[in-house]
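Per-entry structural report
If you want the building blocks of each chain, they are given just below.
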Amino acid sequence: MPKAPTERADRSDDPRWQLAQRIAASGSLGRSRLMAEFLLYVVDRHILDRGDEITEQQIGVLVFGRPDGYDSNEDNIVRSYARNLRKRLEEYFSGEGSHEPLRMEIPRGGYVPQFFNQLSEKASGLVESVEGSDSEEEYTLGGVSVLPNAEDIAETETRDNRSGLSSAGWFKKPKAKRLWNFALPAFLVGMLLGIGGAFLLSSQLFKRTNFSPAAAMSHTLWTQLFSKEQDTFIVPSDDGLIIMQGLTERPVPLASYVNGSYRTNLKIDNSPGAPEILKLGARRYTSVVDLDFVAHLGQLEEAVPARMMIRYARDLRMEDLRVGNAILIGSIEANPWIELFQPQMNFRFTINAGTNKPSGILNAQPRAGEQKIYGTPDPNHTYGLITYVPNLTSTGHVLIVGGLNTAGTEAATTFLLTPSLMMPILQRAKMAHGGLQRFELLIGAGSFAANASAPQLILERIGAS
């Protein structure tokens, strides 16, 4: 990690650095340590006039801990975080940072920050309309070139209007009759627009609150997972990883997946195609079922687009599961992050490739009449999981939606997105204060040519297992 720029005394008086620190500590960054380090790194190098170090490769190495010479075409962590950082900057300046005299942007196509006077930009129309002001006076603020303050311009306009002048300085004060002729129609139009606006607003509110009982219960779930205060990370399966593990018959634990050693340290004896097999682990493949599910999530009324982050499994970070909500899609083979939550799950993926043990979904504490393993000896039947648990710090929620195969995942996503099927479970999981306690569902379905038939609930667990 780069040396913390906050340790350098010569930054303390620079308004650009002060602004970057305020943004890094703001709620707009969603308590993301890596995003804050990204922001402070590029601002620090910009202040030092070391733009040659503000590159994707350098940021990947110095901020995200990637090895020297890593392939940024295969690992787009910097681009992914940059997109989110741009959104966070817009959110900051439209909300808690709307009062800031300076504004910061990171233009698309690069990572070098730009600064300009935010208040002057808002008042630019007034500046241009003042008679004789065909040039704008500049002054410096801690070495940063900025434009005149908006309050000064607004004060000048107000003073001119009091003397009967417009901002252009030539329009005479209107007579009372002329003013009434303009005011009455404007008042009537405004009243009609107000009535129409109120009608549209009430119809929108009716639309949003007129849920059927089943849809209202699903609304409870989705409002727990989508929030304006937290990011929601949606993580589709890594299907290249599945193919690689199937060919090598060796599982990839989360630790190897996170540090990338599964793509470099794995030896495949007596296999002339070993290099090509290992390349599969670096490819970015996912299933149409996952993409269809992500598309449905984006269309939900409760989704918050500015806070909805789609991450390839390889780009997710542990911190994301500490500070945000997450929806993990696929099996543990396709999404190793599920491994973090399996110890607290009753229904768990168990993969025993290359052994005589059956693979399937383990029922850790079977009750009377329940099986220990729900596998796939029948090729025409499959299973999926829907698991709702706290995130790693219990400050958010994680939803795991996956299956033993593509058909199993499809069965789980179909069940989850069908309010009438989810309603009885969510009613049982609902707590007195309106939130939901943790729950786990084992879903079964017929499987025909990798497609799932009508899903049905096989087993459930509600509350701590």
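Residues numbered from 1 in each chain as written. Predicted model: local features only at pLDDT ≥ 70, side-chain atom pairs only at ≥ 80, totals over all residues. Heavy atoms only, no water.

Let us look at the side chain of Thr-387. For Thr-387, the position within the fold is in strand β11 (residues 381-390). Beyond its immediate stretch of four places on either side in the chain, Thr-387 contacts Met-345, Val-398, Leu-399, Ile-400, Phe-439 and Glu-440. (Helix = DSSP H or I, 4+ residues; strand = E, 2+ residues; numbered from the N terminus. Contact = heavy atoms within 4.5 Å.)

The next subject is a nonpolar patch on the surface. Judged by side-chain polarity, Ile-243, Leu-247 and Tyr-285 come together as a nonpolar surface patch covering roughly 280 Å² of accessible area. Following the sequence through the fold, Tyr-285 ends up in the loop between α12 (274-280) and α13 (288-298). The class for Tyr-285 is partly exposed, based on a relative accessible area of 36%. (Patch = residues over 30% accessible without salt bridge, like charges linked within 9 Å, V, L, I, M, F, W, Y side chains within 5 Å. Areas by Shrake-Rupley, 256 points an atom, 1.4 Å probe, with all protein chains shown as cover. Salt bridge = Lys/Arg side-chain N within 4 Å of Asp/Glu carboxyl O. Buried < 20%, exposed > 50% of the residue type's maximum accessible area, 1.4 Å probe, protein only.)

Let's shift gears to the packing of α13 against helix α15 (residues 406-416). Running from amino to carboxyl end, α13 crosses α15 at an angle of 15°, the nearest separation of the two axes being 9 Å. One way to sum up the angle between α13 and α15 is to call them roughly parallel. Taken as a pair, α13 and α15 cross one another with a handedness that is left-handed. Together, Val-289, Asp-290 and Phe-293 of α13 and Thr-406, Thr-409, Glu-410, Thr-413 and Leu-416 of α15 make up the contact between the two elements. (Axes fitted to C-alpha atoms, helices over the stretch in contact; angles between N-to-C directions. Parallel < 35°, antiparallel > 145°, perpendicular 65-115°, else oblique. Left-handed = near helix turned anticlockwise from the far one by under 90°.)

Attention shifts here to the nonpolar core. In this structure, Ile-23, Phe-38, Val-43, Ile-59, Phe-64 and Met-104 are the most contacted members of the largest nonpolar core, which totals 34 residues. Counting residues per element, the ones that place at least two in this core are α1 (15-24), α2 (33-47), α3 (56-62), α4 (77-94) and β1 (102-105). Counting residues per element, this core draws most heavily on α2, at ten residues. In contact with Phe-38, not counting residues within four places along its chain, are Ile-59, Val-63, Phe-64, Val-78, Tyr-81, Ala-82, Leu-85 and Tyr-111. (Core = buried A, V, L, I, M, F, W, Y, C linked by side-chain atoms within 4.5 Å.)

Before going further, it helps to spend a moment on the packing of aromatic side chains. On inspection of all chains with the given rule, the structure shows seven aromatic pairs. Centre to centre, the rings of Phe-64 and Tyr-81 are 4.9 Å apart; their planes meet at 50°, and the pair counts as tilted. Here the residue Phe-64 occupies a position in the loop between α3 and α4, and Tyr-81 occupies one in helix α4, the gap between them amounting to 17 residues. On the basis of relative accessible area, Tyr-81 is assigned to the buried category, the value being 0%. (Phe/Tyr/Trp six-rings, centres within 6.5 Å; stacked < 30°, edge-to-face > 60°.)

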